[in-house]
Amino acid sequence: MLVPRELRTLCGNIIHLNDDTVEHLRAHPEAGGLLEEAAKRTRLPYGKIFHAGEINFGQIIGQSSLVERFPDRPHTFAVRIGRDKPTHVVVGGVKLNSSLFTLVAVKRGIQWFLITGYVGANTPKEPTNFAFSRPGYNRDEFSESIQFWTKYGLVWESNVMGPYYESTWDEVLSRR
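Bear in mind that the values here come from a model prediction, so they are computed numbers and not experimental data. Along every chain, residues carry numbers that run from 1 in the direction the sequence is written. Where local features are concerned, this predicted model is filtered to residues with pLDDT of at least 70; where side-chain atom pairs are given and counted, the filter is 80 or more; whole-chain, interface and lining totals use all residues. Heavy atoms throughout the structure, all of them, feed into the side-chain values; hydrogens and water do not.

## Observations regarding the pairing of strand 6 (residues 76–79)
Keep this limit in mind: Strand pairing is assigned whenever DSSP detects at least two bridges linking the two strands. What counts as a helix is a DSSP run of H or I of at least four residues, what counts as a strand is a run of E of at least two, and both are numbered from the N terminus.
Strand direction decides the pairing type here: strand 6 and strand 7 (residues 86–90), joined by four bridges, are antiparallel. By the bridge assignment for strand 7, Phe77 is matched with His88. Between strand 6 and strand 7, which pair antiparallel one after the other, the connecting turn spans six residues, and Gly82 there sits at a positive phi close to 80 degrees. In this structure, strand 6 lies alongside strand 12 (residues 165–166), joined through two bridges in antiparallel fashion. Among the inter-strand pairings, Thr76 is bridged to a residue of strand 12, identified as Glu166.

Given below as structure tokens:
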């Protein structure tokens, strides 16, 4: 997937993509062709260092892999391309058409850097993304994350994920 290394925003800022982000985006192959247009519709917040925003394109732009899990089935997890931690997945789930694109960026010094971009609604960060070894992580944010990612998962896709396996959040988080 070819992705640009710089994205110009509606407010005139530039969002940079480093090698890690390009690797991360391999798990979002649908994002490559939409990043530039999403950035053109994004107004980064003044005086802030973080942006997580949804852009509504007003028409179907692709399919979101975020779906509700089947409550009668065990929890399943898989590691996506470009990641080292598992994601909650739904085996046999069906992607949903979406007009939304989520763009997440962080400001380091005076420059903005893309963290991720994907088709679909903005979600809480995954439970495995919290830095438990550092004091001060937001327990309310973590609780919201666990609740959300217990109810939802990403459709398991063999082209962007490793094999799936049954587990629980307690087991997955204890492996960190």
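From this point, things continue past the structure.
## What to know about the side chain of Ser98
Note the cut-off: Contacts between residues were defined by any pair of non-hydrogen atoms, one from each residue, lying within 4.5 Å.
Looking at where Ser98 falls in the secondary structure, it is placed in strand 8 (residues 96–98). Every residue in contact with Ser98, bar those within four places of it in the chain, is listed here: Gln59, Ile60, Ile61, Gly62, Gln63, Ser64, Val119 and Gly120.

## What about a nonpolar patch on the surface?
Rules: What goes into a patch is any residue over 30% in relative accessible area without a salt bridge, connected to like charges within 9 Å or, for nonpolar side chains (Val, Leu, Ile, Met, Phe, Trp, Tyr), within 5 Å. Only the protein chains shown count as cover for residues, and the accessible areas themselves come from Shrake-Rupley with a 1.4 Å probe. When a carboxyl oxygen of Asp or Glu is within 4 Å of a side-chain nitrogen of Lys or Arg, the pair counts as a salt bridge.
There is a patch of nonpolar side chains on the surface, built from Ile49, Phe50 and Ile115 and spanning about 280 Å² of accessible area. Following the sequence through the fold, Phe50 ends up in strand 3 (residues 50–56).

## Digging into the sheet that holds strand 6
Selection rule: Here, axes are lines fitted to C-alpha atoms. For helices the fit covers the stretch in contact, and angles between N-to-C directions go from 0 to 180 degrees.
If you trace the five strands from one edge of the open sheet to the other, you get 5-11-7-6-12, paired in mixed fashion. Looking at which strands have only one partner, the edges of the open sheet turn out to be strand 5 (66–68) and strand 12. Against the sheet, helix 3 (residues 139–151) engages strand 5, strand 7 and strand 11 (152–155), with an angle of about 50 degrees to strand 11.

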